[in-house]
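# Coordinates in review
Next come the chains, spelled out residue by residue.
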Amino acid sequence: MEWWNYLYLNEVLRMLSNYVGEDLFLKGVSIYLKKKLYANSVTNDLWEGIGAATGKDIISFMDNWISKIGFPVLTVTETPTGITVRQDRFLEDGHAEPKDNETIWNVPLSIVTADKDGKPALNKEAVLKAREQPFELDTSKPYKLNAGTVGVYRVLYTPERLSKIATEAAKDNSIFSLNDRIGLVHDAFALAKAGLAKASSALTLVDGLKNEKEYLVWSGISQNLSGLVSIWWEHPQIVDQLNALRRTLFVPLVKRLGYEYADTDSPDVTLLRTCAISQAAAAKDEGVIKELQSRFTHFMKTGDDSTIPADLQRVIFAVAVKYGGQAEYDAIVKVHDEGKTPTSRISAMHVLEALGATEDSELLKETFKFISAKSRDQDVVYFFRGLSSNPKARRQFVQYFKDQYDDLYKRFEATFTLKSLVELSMGTLSTEKDRVEVVEYFKDKDTSKYNQGLAQVLDGIRARTAFIEGGVYTDDEQRSTDDLEVWFEARSKL
């Protein structure tokens, strides 16, 4: 069994435990273990044990979760008496064809809503057992399916309902938990990328969460907004607008948390500070960039690195190279060359990524020469990672990989590194023309060492192209690019 299958099974068991209740779940596991203490077992033996403890037909309930591929997306529509929920197989690249959409899962809906006192009220009994099914619910109150985000499915709401959910989630006394808010963010962007929801709905959600305090929610927001910037990297107007949104969200966090790390900081505070500063810098906030540059300048002039906290090494080094010139570039190379201690070697990992951050074409050539002539084999992937993250370098990077392919192949054919190099060099491309050219380039090469990575690259290019050029699968289909432009235009007038 592959590692991701173990992860999937873990999530399915977690969902089942939440549905039947942890105590009964553990009692069922105990029944199963005692019964099979000295005997072989199959999956249904576990379901029988949990069924005996709960009085439910767990074998039938769990069958399709284990025997079928994939998981569902639930589409929620509101009716005069409640909601109607429909299930379809979720695919990252869009609607499933009928032949791939035959499975009907038993889906515990775990609906959280507000009681008469405004407190969370949880309905664990609601289960979707058909393709489409109605459920009574007071939709005048806040509600959400998949309470606690323990279910192995995504939930698609109308833009209007998602906006209401965002409003409730932003409240200090919200009925939606931390895990609810994390799940909402990831669902919104995943559904947009799949063409099932508008990208603007995801932006409305995160814009409504601007007063969020928890790092894990901000981590999801930063990851997904960075993903959009990376997808639209050759659409400067969209990138500029996304960066403006990122500045609106993250700069206030930088101002609140500052740049200094204290031993008394909780892990969440430390991580949130690093996340906020990194995002603000990536979004080109002048104040944050100036502060980070000043810290590197002090280090470059004095050799004193006390103003460069370990948690900010990566972003400070990258900013120094991106907005600096030959002097800053050489200073970073010096950090790499003179690093002797284990801590310095960790810094060197950040250094190698930073050398790919330059936007100067001549310095990029120096980076390429460094990779070919000076870098250790185990360090090449860090150079590639930095170059992959730099939109200004991506076209030159692809050409470098093609020019050096034979040497790279000989250098890494006996390792798993070759797969990573293919993914990093080609994995950010986002046009149909790119996809055709990648297929053409590799058609006469032995790809057996990295065929899975190449397949993922091609699937990724296809998905990004579809996201940019496609849109929501509705009668009023609108390109995601147009959808984002309309949203940003409306937001600018508020």
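Structure shown above.
The following refers to the structure shown.

Rules behind the numbers
- Residues numbered from 1 in each chain as written.
- Predicted model: local features only at pLDDT ≥ 70, side-chain atom pairs only at ≥ 80, totals over all residues.
- Heavy atoms only, no water.
- Helix = DSSP H or I, 4+ residues; strand = E, 2+ residues; numbered from the N terminus.
- Buried < 20%, exposed > 50% of the residue type's maximum accessible area, 1.4 Å probe, protein only.
- Contact = heavy atoms within 4.5 Å.
- Pairing = 2+ DSSP bridges.
- Axes fitted to C-alpha atoms, helices over the stretch in contact; angles between N-to-C directions.
- Core = buried A, V, L, I, M, F, W, Y, C linked by side-chain atoms within 4.5 Å.
- Phe/Tyr/Trp six-rings, centres within 6.5 Å; stacked < 30°, edge-to-face > 60°.
- Lys NZ or Arg CZ within 6 Å of the ring centre and 35° of its normal.

To continue, consider unusual backbone geometry. Positive phi is not limited to glycine here, since serine 110 has a value of about 45°. With respect to the helices, strands and loops of the structure, serine 110 is situated in the loop between strand E3 (107–108) and strand E4 (111–114). Residue serine 110 is classed as buried on the basis of its relative accessible area of 4%. At threonine 149, a position not held by glycine, the phi torsion is positive, near 50°.

Within the secondary structure, serine 375 sits in the loop between helix H15 (361–373) and helix H16 (380–388). Filtering out sequence-adjacent residues up to four positions away, serine 375 remains in contact with Phe370, Val380, Phe383 and Arg411.

Turning to the environment of asparagine 40, a few remarks are in order. With respect to the helices, strands and loops of the structure, asparagine 40 is situated in the loop between helix H2 (22–35) and helix H3 (43–54). Since its relative accessible area comes to 74%, asparagine 40 is described here as exposed. Taking the C-alpha atoms as reference points, asparagine 40 and leucine 7, 33 residues apart in sequence, are found 23 Å from one another.

Our focus in this paragraph is the sheet that holds strand E7 (residues 132–136). Reading across the sheet, the four strands line up as E7-E2-E1-E9 and stay open at both edges, with mixed pairing between neighbours. Two strands bound the open sheet, and with one partner strand each, they are E7 and strand E9 (154–156). For this sheet the average axis-to-axis angle between neighbouring strands, irrespective of direction, equals 25°. Relative to E7, strand E2 (residues 82–89) is paired through five bridges, and the arrangement is antiparallel. Paired with arginine 86 across the strands is glutamate 132, a residue of E7. Relative to E9, helix H6 (residues 178–193) is tilted by about 70°, and along the sheet it contacts strand E1 (72–79) and E9.

To continue, consider the nonpolar core. Of all hydrophobic cores here, the largest spans 141 residues; its most connected members are Leu16, Leu109, Leu145, Leu203, Ile221, Phe384 and Phe442. At 10 residues, helix H9 (residues 236–257) tops the list of elements feeding residues into this core. The residues contacting phenylalanine 384, other than those within four sequence positions of it, are Ile371, Phe397, Tyr400, Phe401, Leu408, Leu421, Leu424 and Ser425. Residues Leu156, Ala190, Leu191 and Leu196 belong to the second largest nonpolar core, which totals eight residues.

Under the counting rule described, the total for this entry stands at 17 aromatic pairs. On the numbers, 6.0 Å between centres and 45° between planes, the contact of tryptophan 65 with tryptophan 105 is tilted. Of this pair, tryptophan 65 sits in helix H4 (residues 58–67) while tryptophan 105 sits in the loop between E2 and E3, placing them 40 residues apart in sequence. Given the relative accessible area of 0%, tryptophan 65 is considered buried. Taking the relative accessible area as the measure of exposure, tryptophan 105 reaches 0% and is therefore buried. Linked through ring pairs, Phe401, Tyr405, Tyr409, Tyr441, Phe442 and Tyr450 together constitute an aromatic cluster. We note arginine 273 situated over the ring of tyrosine 261; from NZ or CZ to the ring centre the distance is 4.7 Å. Seen from the ring of tryptophan 233, arginine 394 lies directly overhead, with NZ or CZ sitting 5.0 Å from the centre.

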